[in-house]
Amino acid sequence: MVHPLPLPSLVPPLNLPPGSRLRGAIMISPWKRTVSDRYDPGMRNMSYLITNATIFTGVKDDDGNVQTLTGDLLMTNGIIRALGEDIPRDLVMEVDPRKLTVIRANGSWVTPGLVDVNSQLGIFSSPPLRGSDDLDSRKGPILPWLRSIDGLHTRDNAFELALAAGVTSAQILAGTSNSIGGQAFVIKLRRTTEGSALSMVVDPPYELNATGFGKGKPPVWRHLLQSCSDETRRYGNRMDMMWSLRSAYHEARRVMKLQDAFCAKAGAGLWEPGVDDFPENLQWEMLVDVLRGKVKVTNDCSEAVDIDNMVRLSNEFGFPIATFLHASEAYLVPSLVNGSLEGTPAVALLSTNHRHSRESYRGSEFAPAILASHNLSIIMTTDQPVINSRELIDEARKAYHFGLTTDLALTSVTSTPSNALGLGYRMGVLQEGYDADVVMWDSHPLQIGATPVYVWIDGMKQIPLTKDSGRSTYSTGTGPEQVVEPDKTRMEAPGQPSYEKERQDTVDWDGLPPLKGRGEGNRVVFRNVKEVWTRGRNSIDESFVADEDEFGIVIVEQGRIICAGSADDCIISGDERTVDVDLHGGSISPGLLTFGSPLGLEEIASEPSTTDGRLFNSLAVDVPSVFHDVGGIVRAVDALMFDSRHARMAYRFGVTAATSSLAKPHRLYESDDSMIWGISTTFSTNAAHGLEPEAIIQTETALHVRITRPRFDVRGPATSVSTQIATLRRLLYGWESRDKDTGLYFRKAAEGVIPLVVEVHNADIMASLIMLRAEVDAKIGGQMRMVFVGATEAWLLAKELSRARVGVILTSLKPVAATWDQRRILPGLPLTNQTTLGILLDSGVVVGVGVNHPQMATETRFQLAQAYHDCVSSATAREVYGLATINLEQLLGVKGIEPESADLVAFDGGSVFNLSSKIVAVVSSQRGLVDMM
């Protein structure tokens, strides 16, 4: 018997897109809500009235400008009830005064909560352990039936760190090594009363909680990750990848056609129970929804060829792409990004983390500004844990420094990602009726070191946390007062240097512009100079500081300063060859030194043919007999590669020298458990080859070892900590003959001839090493120069380190627990009042700063700016500058940089501590010229 039943009685409305009205559904516009669907009556829900705030709303006016208001903001029942100058008094009066907290902002900046579209929070928990690694599946290239929520650990310690940086929402992506790794979910980062992963999801798809469609339930967006990154090559090359995607969508289209045929038959009244069942396929239902336009698809693609492949795929099967992720070459092919027939995707980028893979080799710090000039939507992201979520606002800040406007920089981490995720109707902006995800800052958010004072999610205060909350891993302090006093000197966006020429050169040279400066051997006159710092023997000295009402002049001839002072002090004789450079209140200071990465030893980390290759792990395998050396000691100088883009880029950012060892930085699933990393070398980042004069500053700098517990992802045999320390003790005691390199160099280290530089993070291991040092000194009568690198937990032993005269080189000023050895971090404000750097400096420890990866050497200037902001009460500006100059040299034993011949760096528009400045020249006395950038 045929049953002529109407279609809605049988199946959900298949082609109804999210945001549409269902028959009989109740869709309340956000601005008409009075209670959030995420309101949690089990939590201590308070109402908050923020008064006298500077409110960046994220909402565009009719002219396309983002509105910034001055006034008040009222949060009740998890939503924003009102904001602006004239909040209706009756709304405030509705709130029970016992549950209303008034916060006087005194002009503080208030923004929407930050949104990260590229995060593995919860599925790659901190610290990472094998039991919590749910990042990828190795079951095949196409896995649309997997779901990131099924691996979401709600007690990931990294949630709190992200919250403390103002991040309130994140898209959790799984399967970055698969062509389709699984379904993604957007979550709020607050822990709920229920404590489940589902309760953290924003607008849970009905398929997730099995509630089904029906009255009062409008469709909601789903989310999916597709990838064409280098990591997918474990399943084949690009042709294999595209075939796997096309065949998957072909199967999904077949299922969709069967469903449409069934619905057409049912709609015609020809459906017969027990004979005609609705065609469902759990494996392909997600891709069917993609084809029906119900899914926000994020594509992880970097190179132009991959972007083209994905655009053609979307056009072939008729589905939209919401976001291109990473998209390193998108700025070179903006019209291709615009080529999707189903709408223009947003582009989600990292600011400076490029050139570590072939696909990111043409990436540029100017990409966000270039793409914005083509009217593409720009999103800044972190790729947590590659760059931890604490640095999301830093990514926006650096994009601003390199040319993105203030409004676009802030919307790149608020409203633009929310819109790309299909959630712009409820979050990402501050507007009446929207989710009360709100951040109050201690200064303008784009100022270096800007820190959240308060963070709310769904109107519930998340930051600050206290010990009494019982829910904090790191917080040790109490919250701020209800009257906030922002730093009035930092309430405006920082100045922005001009990089117009560099941006155009980057485009003209297809992403690989020439990096070598233009040498000027004639007289160079720097005008409008605010200050000049030069090197003393063990200090950074102030050679000139301008009067408040008049900047000075610096005259350089043949690479040497012959005069620095006022216009009256420095008389400029006529010379038509003189080159004038206006520094606009800028400064001149010594060139920076970088350490901690294999700069000059690898060009593209993921391409073995561009690296030195893998060393022998002498504790895991026998060193070949041809070595005649049990430890297999090697020298970094023998493998140096000059004229690399990493080195040239570092030079352009003021890093004129580097000390590099052969130690491999930890990379996910590629960690090396080796202990002995040989002898480092120090070299000029501007040299073209090793035979150039002064190219190699010091052939042998220090001896390097790594003492650590095995990482969760170490492949092959892992060596115990006790074995490593026992080995180190034996070598330092001199039990290996000095006619072999292992015995020779460890004896030199034991006697203090060269420093022993130990990469170590755990305080317990550091304590063992300090005791070992004392043993060795007592046994052989030496004065060992021991230095700890990384040293995340060094703050626990600050006084002991100072007494033992052990130095520390920090490679992160915003630490996360990237390994078990790093779990006891000291994160700094707003969770803790102190930082590791501050405690070490206050305790008298000699400290330097470094980086882990070659592409991050350009970040040294930003590191120093952050350090100065964090430690303004612990160190002077020149002492902070020493962290990447004289302190590093002292710790590493660098002796080849003499004060009278050291390079100097000229900053236009400020100093190294100002985001408004840029490097325009390097003064080189050794080469007798000035490199104009």
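Located above this text is the structure these notes cover.
Presented here is an overview of the structure given in this document. Just so it is clear, the model here is predicted, and its values are computed rather than measured.

**Details of the overall build of the protein**
- When its secondary structure is counted, the protein shows 21 helices and 35 strands.
- Expected size for 933 residues packed as a compact globule is a radius of gyration near 30 Å; at 29 Å, the protein falls within 12% of this value.
- Taken over the C-alpha atoms alone, the protein extends approximately 100 × 70 × 60 Å along its principal axes.
- Counting all 933 residues of the protein, 61% fall into the buried class.
- Partitioning the contacts of the protein with sequence separation of at least 6, the portion at a separation of at least 24 is 74%.
- Accessible surface for the protein amounts to roughly 36200 Å². Of this, 49% is attributable to carbon and sulfur atoms.
- Across the protein, the centroid of the 89 positively charged side chains sits 5 Å from that of the 112 negatively charged ones.

**Considerations on the side chain of asparagine 353**
- Looking at where asparagine 353 falls in the secondary structure, it is placed in the loop between strand 12 (346-349) and helix 8 (367-373).
- Under the relative-accessibility criterion, asparagine 353 is labelled buried at 7%.
- Side-chain polar atoms of asparagine 353 contact the side chain of glutamine 855, separated by 2.8 Å.
- In this view, asparagine 353 contacts Val386, Ile387, Gln855 and Met856; residues no more than four positions away in its chain are not counted.

**Let's talk about the packing of helix 4 (residues 238-267) against helix 6 (residues 304-317)**
- Remark: helix 4 packs on helix 6, axes separated minimally by 11 Å, with the N-to-C direction vectors making an angle of 15°. Relative to helix 6, the element helix 4 is oriented roughly parallel. Where helix 4 crosses over helix 6, the two elements pack in a sense that is right-handed. From helix 4, Arg238, Met241, Met242, Leu245, Arg246, Tyr249, His250 and Arg253 reach across to helix 6, where they touch Val305, Asp306, Asn309, Met310, Leu313, Glu316 and Phe317.

**Overview of the sheet that holds strand 31 (residues 807-810)**
- With mixed pairing, the 6 strands of this open sheet are ordered in space as 25-28-29-30-31-32. The open sheet terminates on both sides in strands that have one partner only, identified here as strand 25 (676-679) and strand 32 (847-849). Neighbour to neighbour, the strand axes of the sheet diverge by 20° on average, direction disregarded.
- Where strand 31 and strand 32 come together, 3 bridges link them in parallel fashion.

**Focus: a nonpolar patch on the surface**
- Nonpolar side chains collect at one region of the surface, where Phe616, Val621, Val626 and Phe627 lie side by side and expose about 360 Å² of accessible area between them.
- Turning to its location among the elements, phenylalanine 627 is positioned in the loop between strand 23 (592-595) and helix 13 (645-652).

**Here we look at the environment of leucine 731**
- Within the element layout of this structure, leucine 731 appears in helix 14 (residues 721-732).
- A residue is classified by how much of its surface remains accessible, and leucine 731, at 6% relative accessible area, is buried.
- For the pair leucine 731 and aspartate 407, spaced 324 residues apart in sequence, the C-alpha to C-alpha distance is 58 Å.
- Beyond its immediate chain neighbours, meaning those up to four positions away, leucine 731 contacts Ile676, Glu736, Thr742 and Phe746.

**Let's talk about helix 16 (residues 763-780)**
- With 18 residues, helix 16 ought to run about 26 Å at 1.5 Å a step, and its terminal C-alpha atoms sit 26 Å apart, in line with that.
- Along helix 16, the positions that sit buried rather than exposed are Ala763, Ile765, Met766, Leu769, Ile770, Leu772, Arg773, Val776 and Asp777.
- In this fold, the buried residues of helix 16 make contact with helix 14, helix 15 (741-751), strand 29 (756-760), strand 30 (786-790) and helix 17 (798-804).
- Measuring from the backbone nitrogen of aspartate 764 back to the side-chain oxygen at the start of helix 16 gives 3.0 Å, which picks out asparagine 762 as the cap.
- Glycine 781 sits one or two positions beyond helix 16 and adopts a positive phi of about 75°.

**Re the environment of proline 141**
- Relative to the elements of secondary structure, proline 141 occurs in the loop between strand 6 (114-119) and helix 2 (158-164).
- C-alpha of proline 141 to C-alpha of arginine 234: the two residues are 93 residues apart in sequence and 8.7 Å apart in space.
- Discounting residues that sit within four places of it in the chain, proline 141 has contacts with Asn178, Ser179, Ile180, Tyr235 and Ser244.

**Comments concerning the nonpolar core**
- Of all hydrophobic cores here, the largest spans 103 residues; its most connected members are Leu189, Tyr249, Leu287, Phe319 and Phe324.
- Dropping the residues within four chain positions of it, phenylalanine 324 is found in contact with Asn299, Cys301, Ile307, Met310, Val311, Val337, Pro345, Ala346, Val347 and Ala348.
- Ile754, Val758, Met766 and Val808 belong to the second largest nonpolar core, which has 88 residues in total.

**Concerning the packing of aromatic side chains**
- Following the criterion strictly, the structure yields 18 aromatic pairs and no others.
- An aromatic cluster is defined as three or more aromatic residues linked by ring pairs; in this entry it consists of Phe366, Phe402, Tyr499, Phe653 and Phe862.
- Here the basic side chain of lysine 779 rests over the ring of tyrosine 733, its NZ or CZ set 5.1 Å away from the ring centre.

**As for the state of the cysteines**
- Counted under the stated rule, the structure contains 2 disulfides.
- Between cysteine 228 and cysteine 301 runs a disulfide, and the two sulfur atoms are separated by 1.9 Å. Of the two residues, cysteine 228 is situated in the loop between strand 9 (222-227) and helix 4 and cysteine 301 in strand 10 (residues 295-301); the sequence distance between them amounts to 73 residues.
- Note on cysteine 228: relative accessible area 4%, which makes it buried.

**Let's talk about the pairing of strand 34 (residues 918-924)**
- Burial analysis of strand 34 places 7 of its 7 residues in the buried class, which makes it a mostly covered element.
- Pairing of strand 33 (residues 904-908) with strand 34, which is carried by 5 bridges, proceeds in the antiparallel orientation. When the bridges of strand 34 are listed, alanine 906 appears paired with alanine 921.
- Where strand 34 and strand 35 (residues 929-932) come together, 4 bridges link them in antiparallel fashion.

**Points about the side chain of serine 137**
- Mapping serine 137 onto the fold places it in the loop between strand 6 and helix 2.
- In this structure the side chain of serine 137 is engaged in a polar contact, spanning 3.2 Å, whose partner is the backbone nitrogen of lysine 139.
- Apart from the residues lying within four places of it in its own chain, the contact partners of serine 137 are Leu143, Leu146, Asn178, Arg234 and Tyr235.

**So, the packing of helix 15 against helix 16**
- Relative orientation of the contacting elements helix 15 and helix 16 amounts to 95°, with a least axis distance of 10 Å. Here helix 16 runs roughly perpendicular to helix 15, going by the angle between their axes. Listed contacts from helix 16 to Arg747, Ala750 and Glu751 of helix 15 are Val776, Asp777 and Ile780.
- Class assignment for the residues of the contact of helix 15 with helix 16 results in 3 nonpolar, no polar and 3 charged.

**Quick look at unusual backbone geometry**
- For the bond from isoleucine 463 to proline 464, the omega torsion is 5°, close enough to zero to count as cis.
- As for its placement among the helices and strands, proline 464 is situated in the loop between strand 16 (460-463) and helix 12 (500-508).
- With an omega dihedral of 5°, the bond running from leucine 829 to proline 830 counts as a cis peptide bond.
- Relative to the elements of secondary structure, proline 830 occurs in the loop between strand 31 and helix 18 (836-842).
- Here alanine 327, not a glycine, exhibits a phi torsion of approximately 45°, which is positive.
- Structurally, alanine 327 is set in the loop between strand 11 (323-326) and helix 7 (334-337).
- Even without being a glycine, aspartate 383 presents a positive backbone phi close to 60°.

**Some details on the pattern of salt bridges**
- Enumeration according to the criterion identifies 51 salt bridges in this entry.
- Residues joined in a network through salt bridges with shared partners are Arg33, Asp37, Arg38, Asp40, Lys188, Arg190, Asp203, Arg426, Asp435, Asp437 and Asp458.

**Considering the pairing of strand 18 (residues 524-535)**
- Here strand 18 pairs with strand 20 (residues 552-557) via 5 bridges, running antiparallel. Residue pairing across strands places arginine 527 opposite isoleucine 553, the latter belonging to strand 20.
- Both strand 18 and strand 19 (residues 540-545) contribute to a ladder of 5 bridges, which runs antiparallel. Residue pairing for strand 19: arginine 535 is matched across the bridge by isoleucine 540.
- Here strand 18 folds back onto strand 19, and the loop between the two strands holds 4 residues.

Quick notes on the rules
Residues numbered from 1 in each chain as written. Predicted model: local features only at pLDDT ≥ 70, side-chain atom pairs only at ≥ 80, totals over all residues. Heavy atoms only, no water. Helix = DSSP H or I, 4+ residues; strand = E, 2+ residues; numbered from the N terminus. Rg over C-alpha atoms; globule rule 2.2 N^0.38 Å. Buried < 20%, exposed > 50% of the residue type's maximum accessible area, 1.4 Å probe, protein only. Contact = heavy atoms within 4.5 Å. Areas by Shrake-Rupley, 256 points an atom, 1.4 Å probe, with all protein chains shown as cover. Lys, Arg positive; Asp, Glu negative; His and termini not counted. Charge placed at Lys NZ, Arg CZ, Asp CG, Glu CD. Polar contact = N/O pair within 3.5 Å; in protein donor to acceptor, adjacent residues only side chain to side chain. Axes fitted to C-alpha atoms, helices over the stretch in contact; angles between N-to-C directions. Parallel < 35°, antiparallel > 145°, perpendicular 65-115°, else oblique. Left-handed = near helix turned anticlockwise from the far one by under 90°. Pairing = 2+ DSSP bridges. Patch = residues over 30% accessible without salt bridge, like charges linked within 9 Å, V, L, I, M, F, W, Y side chains within 5 Å. Salt bridge = Lys/Arg side-chain N within 4 Å of Asp/Glu carboxyl O. Expected span 1.5 Å × (residues − 1). Core = buried A, V, L, I, M, F, W, Y, C linked by side-chain atoms within 4.5 Å. Phe/Tyr/Trp six-rings, centres within 6.5 Å; stacked < 30°, edge-to-face > 60°. Lys NZ or Arg CZ within 6 Å of the ring centre and 35° of its normal. Disulfide = S-S within 2.5 Å. Nonpolar A, V, L, I, M, F, W, Y, C, P; charged D, E, K, R; others polar.

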